[in-house]
Amino acid sequence: MKGFTKTRKAGLVFVVMTLLVAVLAACSGGGQDAANSPPAGSGGENGGGNTAAGKTVNGVDLSKHVNLKMYLLGDKPADGDAVLAELNKLIGRDLNATLSIEYLPWSDWQQKYPLILASGENVDLIYTSDWALYQQEAAKGAFVEVTDDILKKYMPLTAEKQNKISLDQGRLNGKLYFVPRSDATYTGESAVLIRGDLREKYGLPPLKSTDDLENYYKSVAANEKSIFPLANSLDNSAKSITFSQPRNNVTVYTTMIGVGEFSYLYDKNKPFSVDQVSYNFFQPDYPAWAKKMKQWADAGYWSKNALVNKTETRDAFENGTSASMVWNIGTVGASADKVLKEHPEWKPEIYDVTPNSIKQLGLYTNDGMAVAYTSQNVERSFMLLDKLKFDKDYNQLFIYGVKGKHWIPEGDDKYKPGPDYDKYKGGQNGTWGVNNQEDSLTLVGENKAVAQLQKEWEPKTVHPITEGFKFDPTKVKSELATFTSLEAKYGPLLDLGLAGDVDKTLAEFKDQAMKAGFEKIDKELKTQLEAYIKTKQQ
């Protein structure tokens, strides 16, 4: 999803995790099947006028006009009505329907969303996702189950083109209640952005490894007294490229966003076992890595005050107080583009310093669309969703706005801003639920290095069997609360190399964690993970 802040999203992840137990319990209930089946008699009785008598599509009678209502998250774009008017020309022509769109502003969407679905209001389509109440509302029976028959009959384009992995990721106890987006991006993979002018100044070659990055940091720390090599902070952005990615680390659960993780080392030739999963801080090679970070901290690669640093690495790089930033490829690319415009003499350069590691995509279930159980037009709703997802005219109009007005095509896969671009910016209008790889466009001017890296990563991309696992912390809630407090105390100190004695601090952390019930947390995690793996192997 675009246009959503890191902090806000982390908070939402926490909310989702704390509510997950009720979801899973409810999903296993026997009444779920009936609750999420299409309501009897659905199929369009509310529209009034008969504008296309006898019209059928794929055997579905469309003779009666219907009105459809969709809910999206976010603020309504200035030209939202103008785009909807154009979209309704297509919908009227093809589906004999008219769409209206309601927006739930960021300020109070979490309160309004469940109330709307519980009120009985006639809602046809609604945005949902892992972080936007999918599990909770599906458990209540708020969404119509997306069966294979529905896909074949009402969503033939989706049945043909939708990534099958995305459908599996969206299943709850084997059943699907929304259709996830059909593209996934490398939101979890980190790249490095550096000052090319400084690299050249000190006669260093282009970066190919973390050793090359360390040499760059060493030169900057020794010669550029007003600039830190990296404006590190609590979450130690360098951890991903120095600890996780080089080891082909697969995370299955994160206790604190950006700090503590349970993970295992990916090996395509070795069958997965839950016994492989362990807590990062207690893994055998963690102490050596923590001592390496202490060397970097002692060498001045980041501030001794990193624990209280409130300036994000991105802001520090863009304002010239740091010589690098580490972030996901999209954010790194955007920052590089900004620097290129404002300080072209810095010569921003993007690198993957772990080129031999596996690559992992973010989950498809980060965005999606569902048909609400209260819909009086289930068939037509699924048919419209099918077109929004995979009919190019629908998809690009819905996401990017009116061609020539909001965007101007450049070749087959790029676009440049139109005269009214600011009134309907592509991908920033709550439309993420219908994203697909095939029809997506790249804004002209986006950094070429980003596209090149993504192309190089495609053959290295894996989908571990643990992908999509969600831990229910309810049974270890009290232990987890104490444990995460300890993690907040010791984790950043160790990760940032600011602990005076790494071995002593780590031993103290482990001792306190065991007393806080760490083993119970670890056991519960593996029990749930094992059950999850069994469902995927069926």
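Going by the structure above, here's the rest.
For clarity, every value in this text was computed on a predicted model and none was experimentally measured.

Conventions and cut-offs
Residues numbered from 1 in each chain as written. Predicted model: local features only at pLDDT ≥ 70, side-chain atom pairs only at ≥ 80, totals over all residues. Heavy atoms only, no water. Helix = DSSP H or I, 4+ residues; strand = E, 2+ residues; numbered from the N terminus. Buried < 20%, exposed > 50% of the residue type's maximum accessible area, 1.4 Å probe, protein only. Contact = heavy atoms within 4.5 Å. Phe/Tyr/Trp six-rings, centres within 6.5 Å; stacked < 30°, edge-to-face > 60°. Lys NZ or Arg CZ within 6 Å of the ring centre and 35° of its normal. Pairing = 2+ DSSP bridges. Axes fitted to C-alpha atoms, helices over the stretch in contact; angles between N-to-C directions. Expected span 1.5 Å × (residues − 1).

Draft legend 1. Summary view of the overall build of the protein. When helices and strands are counted, the protein shows 20 helices and 18 strands. Across the 538 residues of the protein, 55% fall into the buried class. For the protein, restricting intrachain contacts to residue pairs at least 6 apart in sequence, the fraction spanning at least 24 positions comes to 76%.

Draft legend 2. The packing of aromatic side chains, seen in detail. Evaluation of the coordinates by the stated rule reveals 32 aromatic pairs. Between the aromatic rings of Y186 and W457, the centroid separation amounts to 5.2 Å while the plane-to-plane angle is 80°, which identifies the pairing as edge-to-face. Remark: W457 occurs in helix α17 (residues 448-457) and Y186 occurs in the loop between β8 (179-180) and β9 (190-195); sequence separation between them is 271 residues. You'll find Y186 and W457 in the same group, each marked buried. When the ring of Y217 is compared with that of W296, the centres are 5.7 Å apart and the planes differ by 85°; the resulting orientation is edge-to-face. Pair noted here: Y217 is in helix α10 (residues 210-223) and W296 is in helix α12 (residues 286-298), with a separation of 79 residues, a long-range link. Looking at Y217, the relative accessible area reads 0%, which means it is buried. Taken together through their ring pairs, the aromatic side chains of F243, F262, Y279, F281, F282, Y286, W289, F483, Y490, F509 and F518 make up a single cluster. Residue placement shows K239 over the ring face of F243; its charged tip is 5.8 Å from the ring centre. It is K239 that lies over the ring of F281; its NZ or CZ is 4.5 Å from the centre.

Draft legend 3. Focus on the sheet that holds strand β11 (residues 261-265). With antiparallel pairing, three strands are arranged side by side in an open sheet as β10-β11-β12. Only two strands of the sheet have a single partner each, and these edge strands are β10 (249-254) and β12 (278-279). Note: β11 against β12, two bridges, orientation antiparallel. Following the sheet pairing, S263 is matched in β12 by S278. Where helix α20 (residues 518-537) meets the sheet, its contacts fall on β10, β11 and β12, and the angle it forms with β11 comes to roughly 55°.

Draft legend 4. View of the sheet that holds strand β17 (residues 414-417). The three strands are arranged β16-β17-β18 in an open sheet whose pairing can be described as mixed. One side of each edge strand has no neighbouring strand; the edge strands of this open sheet are β16 (407-410) and β18 (442-443). Pairing of β16 with β17 involves four bridges; the strand directions are antiparallel. By the bridge assignment, P409 is partnered in β17 with Y415.

Draft legend 5. Expanded view of the side chain of N435. Relative to the helices and strands, N435 resides in the loop between β17 and β18. Since its relative accessible area comes to 10%, N435 is described here as buried. Residues contacting N435, with those up to four places away along its chain left out, are R181, S182, D183 and I399.

Draft legend 6. How the structure looks around the pairing of β17. The turn joining β16 and β17, which pair antiparallel and follow one another in sequence, is formed by three residues; a positive phi near 70° is taken by G411. Relative to β18, β17 is paired through two bridges, and the arrangement is parallel. Counted as the bridge partner of Y415 is L443 from β18.

Draft legend 7. Representation of α20 within the structure. In a regular helix each residue adds 1.5 Å, so 20 residues correspond to 28 Å; α20 covers 29 Å between its end C-alpha atoms and thus fits that length. Those residues of α20 that are buried are in contact with β10, β11, β12, α18 (477-495) and α19 (502-515).

Draft legend 8. Just α12, in detail. Under the 1.5 Å per step criterion, the end-to-end length of α12 is 18 Å for 13 residues, consistent within 8% with the ideal 18 Å. Where α12 is buried, its residues contact α10, α11 (239-244), α18 and α19. Within two residues after α12, G300 carries a phi angle of roughly 85°, on the positive side.

All quantities given are derived from atomic positions and should not be read as evidence of function.
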